[in-house]
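Listed below are the residues making up each chain.
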Amino acid sequence: MAEETQTSQAGAQAAGAAPSAAPGDSPTVGTAASGGPRPVKIIGIVCNWCSYAGADTAGVGRFRQPANIRLVRVPCTGRVDPLFALKAFEKGADGVLISGCHPGDCHYSEGNYYARRKFELLERMIHHLGIPKERFQWTWVSASEGQRWQQVVTDFVAGVEKLGPRKGRAL
Amino acid sequence: MRIGVFVCHCGTNIAATVDVVSVAKRALGLKDVVHAEDIMYTCAEPGQAAIRKAIEDKKLDRVVVAACSPHMHEMTFRRCVDNGGLNPYLFEMANIREHCSWIHTDIPVATEKAWDLVKMAVAKARRLEPLWSNEVEVNKDVLVIGGGVAGIQAALDLADAGLKVTIVERETTIGGVMAKLDKTFPTIDCSACILTPRMVDCAQHENIDVMAYCEVDRVSGYVGNFTVDVRKKAAMVDWTKCVGCEICVQKCPAKAPDTFNVGLEPTKAIYIPFPQAVPKRAAIQVEHCRWFTQGKCRVCEKVCPADAVDYEQKEETVQKRFGAIVVATGLEVFPWEEYYHEYGSGKIKDVISGLQYERMLSASGPYGGHVHRLSNGEGPKTVVFIQCVGSRDDSVGRPYCSSVCCMYTAKQALLTKDHCGMDTEVYVFYIDIRATGKGYEEFVKRVQTEFGVKYVRGRVSKLYEEEGKVMVRGFDTLLGEQVEIAADLVVLASGIMAANGAKELAQKLSVSYDEFGFFKEGHPKLRPVETNTAGVFLAGACQAPKDIPATVAQASATASKVIGLLANDKLKTSPMIAIVGQKDCVSCWKCIDVCPFGAPERQEVRPGELKSHVIETVCQGCGVCVATCPVNCISLKGFSTDAVLDQIEEALLS
Amino acid sequence: MSRQDHIREFATAALAAGRVDYVIGWKYGYNQSEVVPAFVKDPADVDQLVWNPLCHHNLVTFLKRKMPDPLDAKIGVCVKGCDSRTLVALLQEELVDKDRIYVIGVPCDGVVDRRKLEKEFADEMIHISFSDGKVGVTTRNGETKEFDKDAVLLDVCRLCRYPNPVYADDTAGPPVAEPDRKHTAPDWTDIAEYENLSDDDKQALLEQIYATCIRCFACINVCPVCFCWDKCVNRSRQPELVSQKVGPKENLLFQMVHMFHVAGRCPSCGACDRACPVEIPLYLLHRKMNKELYDMFAFEPGVKLDEKPVLQVFDIKDQFGE
Amino acid sequence: MSLAYYPGCSLLHSSAEFDRSTRKVLAALGVEYKDVPDWTCCGSTPAHMMDHLLAQSLAARNLRQAAEVGDQLLAPCASCYQRQKNAEIEIHKSDAFRAQVNAVLDKPYTGHVIVYALPEYLMKFVGEEKIASLVKADLSQLKVVPYYGCLLGRPSELTGECDNEQPMMMDMLLEAAGVDVKWWNYKTECCGASGGMPKMEIQRRLSGKVLGQARAAGADAVVVCCPLCHVNLDLKQSQINSYLGTDYEMPILYLPQVLGLALGLSADDVMLGKNMVDPAPLIKKAVAEAARMKAEEEKKAAEKAAKAAAREAEAADAEVAAAAQVAAAAQVAAGAPEDGVAEAKS
């Protein structure tokens, strides 16, 4: 089944759902309960020191977000094997978001420098495999950037929802 | 495998948006889960007791708590599990508060997500293994970065506790901003009088080594064993010989900007910031020295009785080892000239910053405490203070309150009356008065009533010169009308910023900082002086704007934390580090290439056969090597590849 | 003196002088239509060694792993331009002991794609000969045909930027003409067609391609820079990065594991493409990877001995992401 | 893309000099433009106080007309600029609002016209370098302060100025034209605006302050870019004087007038004659002063050169002398051995 057709469906669904609840929750309003296409599921891989803490900061600040992301905590983006993302897609993730400390702020001083080279290549290869840009993103969010985390998540989820749930054929 | 799941209500924090009861119920259906319950406050004693009980009754070998962020309570529950007789690392947390209940409103949605997070935690728990931490020797010396009142206080407390302390100060003297102040609120006692004795104590204390005019270049290592490169800047004066007689300063023909007096009056190219400087040693500002700029002069060399001047002096770097680091880099005053054009961009002579006014008031300042107009030297008849310049102002990117300006403005208003006579007209434009400290509110009241300082609630929109006066146009929000005051002197209560270079230092120390460059504490309430980097502590305004009492209090708090840390001869290291499965190692040495800490080494397992081996005490557990190892034979304890993959898989099952 | 003569001369000398225990080169298979790797220990056998456009095997493959036993064996090896880059990639990481190999570099003006020839004949080829730019083929039933060599070259050879070995102890004959690498960027036209497909078409195509993979590991075993052998994570069940299930997704993931492990070290020698029994176009992945690495770092794998693979180092000034 | 020119009502009559000088300057700078065909009132102050939609529509109509010429609209008058810029931004931001507006208009506005004020346009599309390169007259002795008033500088997100409180575009343009621009902190204060009619005394006081500040800043003239500012400061200067008992005689020049003069246009070209407070004497004085100083400098330079030449000459003589000595010495040296030989012989 083609991305396009998904898009149209999901678009319609999202549009229908949007007004019903807090912006954050619109996508997941029609959960299994109320039929409709399933909400998109997104894997977030975040480093313990910056982005995980940043997500905490967002929580403490009650910054509403879409509920589609499931975070996996790793000590450092340097620990993230590109295969994690590919594996997530293989297992049926609709999107993958990786986030760590801003360059220079790595708790282990160098981890994210190695990581960003891998991620950049990973991103380009993922698109090469026919997985649309909107479905993969890597970025930096620091422990104090609660609002930025909210923004990143909201935008990313919106992008993935445009495409809707993914029917990966090869990965 | 016998897993127990505990889902926390956290009062209504979680329960209001997540149906914790149902989540707990469903958890019972998970593979390997033999016990699941919901608890009102899991972190409270009854909650912890319930966990310990379950471990005993149900013979649990893994514990999963779904509650707040692990950054909040992971340690708490590790201890709890430990007391319950289980290895503390057989514990996993699901963050269903910060990452769920607090950011969602729709109950079914939040509950569904919480359920996923619990599943993921259980999946990870299945992959957990018991871990035992290691012990390392502890170096008991302490590095204090910054010699302001915070650094001084911390250093003295630590030194009195018998620890060897090194203060690294980038200026030629310790004392920091407090040394520049005239009086302190609310007691109006002389700032120098209370600070300088402590500076001297530092100089004389057998346990304290003051390294002035030095900067921290590189920091490596970890709690208990830091290695620090300290760069001694070239003063062009041999401080072992210099006696601080100031003859060179008197004779030096070249003028140079005086940072200590905030640019009010120039100093000399060779200078000693102020009479009570510690150490009292001269240094040359080469960019202003005639010898270095024009190749002639050398007057200071000729007049120096100790022949300490050394134009050839080079900066050198020394390496020192410490067990703990206290950061006390303090503050910088907001450069209002660059932002407040409506206040004249610094082009109007009689508009000065609060700190400049302190120097003007100070008896040891460039004017011997004579308050006057910089335009014509006359004593001011009307003085206007404007608060919140560079504070609480989004338009200049400074939304935060600098917390000291209300009080120092009140103090300066009072001192103005004191110096220039009670008949002087003194106005203060303010947004709100924040006088929350002990005796502060009373002090402000006195300033308003006894000293008749006129407080105008409102902001000033424009300063301009007219007939030799500075016209202050503002809006009185209480009268609801525009007011215009012809002032002789205008003092701007410029706000507080993190010190220059704070960000770079934070990166060297790998501690996190906020968007304004203030260092981030471990937890805003529970770990106010620690950072998230073990062994690095905070004191004073480098963490957030503070007044002197708060700074000193925090410095002592930090000292006590350091003393507590260094009371141990050995430290337990985190066991969550990398380990090489040498059976599978193909000796490609990629791990050695990428490790930021040099933890992996070549180990001869059999004659002629080298395999990688991670030195436990050096590894910090970042896992870069794990992601790099092509055969995945390096595993990161607590974050094994299987654990990660299982979490991903679990999250996607539905 | 032909390059083949040079090779034989160098080999004889090296063996006679005891500089090496054996030389790895190419020799004819059971007929003159194909070439197989040759391991020559005895100077008397040196005459087996041949050099012609059938010598596609990347012999560096036999050097990978911490050298075959005995541990102190000294080995001579013949390398083409592309082969030499894989060798350099191994040397960069000290995966091969420089002092224990003797490298005979063979300037190469392209290797023919035997598969292209096979497709021209119903019957099996028994003899292939080469003369000034022409390739003559004879089949078992006596049918003969002649082709322009350029028409039947391997695609990777068409785009080759390093026809001359970048690392060798001795070189068999004068170098061949090289493209001006300073002023011309690599040519990636071979993957352009795929790149221009829509996301869905890519997925569809990949699904179709990777459905055929049988996980025989030929691509990995033949890959000269892929050195984990039986430790390969693709075999590992713990951690189980790639499930043992055989389906398009798993197979593609399997290949991606390979790709990321050779990223920055694979110079696209194409050995994997030639080894694949089901003719999966692996170049679509490794050529793309090299294209992107070149775009990101202007980096070409296996060229400079003193260089480290790009993913094992970093530069604070890298400009990606925000 | 070609430029549409919107004069607006003021420039047709009360401030014709603004119109004329602007056109001349554009010509001198080689900027081509066409007038907006069949333009209407911009709405000025009253319209947007009565009805937002109608006000924006009125402005939108001009945008639509401008679109026939091109997608850039130059409105020299600060008020015309504000109104039309305002409409432009709102309409281009929201298609919904554009639809509302189009419902009001006879013909719909579908274009994407960007509105520019004069300083903004010159900075963006001509540039300081070009202006500086075309300067003919030396106005370095003309001391002015640029006065932006309320409409030209703020809000900065609308005007593209870097800072509400310290707009700089006029400063930069004037400096590029070689004028002596004085710093002051009164650029954006109120001139009294239309208060000048109903509440004279307020306007007198406010405008008076502007003039006072300008003088205090050491300026001999104020440069404006708004007809209303000009009316308040120039036309009403004498009334200000009589009301405040001051003696200001401060020429108020339009930006294009000054630029024009710098670019070598004549006083008539920029209609100096139409200004109430006659700027001609001041300009003459400034130009003369500049010429005088230039002459002086040249004189000094000449003298310097002469001295230098003299010194060189001396040096040359010295060399000759030195050379002579050397030669002499050489002879002596050469002579010596001979004598020696002689002695030996004897």
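Keep in mind that what you see is a predicted model, and the values were worked out from it rather than measured.

Conventions and cut-offs
Residues numbered from 1 in each chain as written. Chains lettered and ligands numbered in written order. Predicted model: local features only at pLDDT ≥ 70, side-chain atom pairs only at ≥ 80, totals over all residues. Heavy atoms only, no water. Helix = DSSP H or I, 4+ residues; strand = E, 2+ residues; numbered from the N terminus. Contact = heavy atoms within 4.5 Å. Areas by Shrake-Rupley, 256 points an atom, 1.4 Å probe, with all protein chains shown as cover. Buried < 20%, exposed > 50% of the residue type's maximum accessible area, 1.4 Å probe, protein only. Pairing = 2+ DSSP bridges. Buried area = accessible area lost by both parts, 1.4 Å probe. Salt bridge = Lys/Arg side-chain N within 4 Å of Asp/Glu carboxyl O. Patch = residues over 30% accessible without salt bridge, like charges linked within 9 Å, V, L, I, M, F, W, Y side chains within 5 Å. Lys, Arg positive; Asp, Glu negative; His and termini not counted. Charge placed at Lys NZ, Arg CZ, Asp CG, Glu CD. 1 Å grid on protein atoms, 1.4 Å probe; cavity = no way out; pocket = protein on both sides within 12 Å on 5 of 7 lines; lining within 4 Å. Points joined across faces, edges and corners; volume = space filled by probe spheres on them. Nonpolar A, V, L, I, M, F, W, Y, C, P; charged D, E, K, R; others polar. Polar contact = N/O pair within 3.5 Å; in protein donor to acceptor, adjacent residues only side chain to side chain. Core = buried A, V, L, I, M, F, W, Y, C linked by side-chain atoms within 4.5 Å.

**Q** Would you mind going over the overall build of chain A with me for this structure?
**A** A count of helical and extended segments in chain A gives five helices and four strands. For chain A, long-range pairs separated by at least 24 residues make up 80% of all intrachain contacts whose partners lie at least 6 apart in sequence. Of the roughly 4,900 Å² of accessible surface on chain A, a fraction of 58% belongs to carbon and sulfur atoms.

**Q** What am I meant to see in the pairing of strand E1 (residues 22-28) of chain C here?
**A** Moving residue by residue along a regular strand, the side chains alternate between the two faces of the sheet. Residues and elements named next belong to chain C. Among the seven residues that make up E1, five are buried, leaving the element largely enclosed by the rest of the structure. In the sheet, E1 pairs with strand E3 (residues 75-79) via three bridges, with the strands oriented parallel. Note on E3: the bridge partner recorded for isoleucine 24 is valine 77. In this antiparallel pair of consecutive strands, E1 and strand E2 (residues 35-40), the connection spans six residues.

**Q** Looking at this structure, how should I read the interface of chain D and chain B?
**A** A common measure of how large an interface is: the accessible area buried when the components associate. The partner chain B presents 16 residues to the 10 residues of chain D that form the contact. Of the roughly 1,100 Å² buried between chain D and chain B on both sides combined, carbon and sulfur atoms contribute 45%. Between chain D and chain B we count five salt bridges in total. One salt bridge connects glutamate 189 of chain D with arginine 473 of chain B, and the closest N-O pair in it is separated by 2.2 Å.

**Q** Sorry if this is basic, but what is going on with a positive patch on the surface here?
**A** Residue and element names in this part refer to chain D. Residues Lys299, Lys300, Lys304, Lys307 and Arg311 make up a contiguous surface patch of positive charge. In this structure, lysine 299 sits in helix H15 (residues 280-345). Relative accessible area serves as the criterion here: at 56%, lysine 299 is assigned to the exposed category.

**Q** Even after reading the chapter, I still don't get empty space enclosed by the protein, so can you show me in this structure?
**A** Rolled over the atoms, a probe as big as a water molecule pinpoints where empty space is left. Under the definition given, this model contains 15 cavities of 30 Å³ or more. Lining the largest cavity are 25 residues; nearest its centre among them are Tyr52 and Leu71 of chain A together with Asn95, His99 and Leu117 of chain B. Mapped onto the lining of the largest cavity, the elements with two or more residues apiece are helix H2 (51-60), strand E2 (69-74) and helix H5 (146-163) of chain A together with strand E4 (91-95), helix H4 (97-101) and helix H5 (107-126) of chain B. A per-class count over the lining of the largest cavity returns 15 nonpolar, four polar and six charged. Reported here for the second largest cavity is a volume of approximately 210 Å³. Taken together, the elements giving at least two residues each to the lining of the second largest cavity come down to helix H3 (82-90) of chain A, helix H17 (624-628) of chain B together with helix H8 (248-262) of chain C.

**Q** Quick question: what am I supposed to make of the interface of chain A and chain B here?
**A** Facing the 54 residues of chain A at the interface are 53 residues of chain B. Of the roughly 4,500 Å² buried between chain A and chain B, counting both surfaces, carbon and sulfur atoms make up 60%. Summed over the three residues of chain A that lose the most area to chain B, namely Arg70, Arg73 and Arg79 of chain A, the buried surface amounts to 15% of that side. Put simply, arginine 73 of chain A and glutamate 74 of chain B hold a salt bridge, and the shortest N to O gap is 2.9 Å. Counting across the interface, chain A meets chain B through 19 residue pairs in polar contact (both at pLDDT 80 or more). For the side of chain A that touches chain B, the class distribution of residues is 28 nonpolar, 12 polar and 14 charged.

**Q** In this structure, what is going on with the nonpolar core? I would like to understand it.
**A** A general trend in soluble globular proteins is that nonpolar side chains are found buried together. Leu86 of chain A together with Val5 and Val63 of chain B are the most contacted members of the largest nonpolar core, which totals 121 residues. With nine residues, H5 of chain B is the largest single contributor of residues to this core. For valine 5 of chain B, the contacting residues outside a window of four places in its chain are Ala27, Val33, His35, Ala36, Glu37, Val64, Val118 and Val122 of chain B. Counting 90 residues, the second largest nonpolar core, distinct from the first, contains Leu26, Val145, Leu253 and Leu272 of chain D.

Keep in mind these numbers describe shape, not what the thing actually does.
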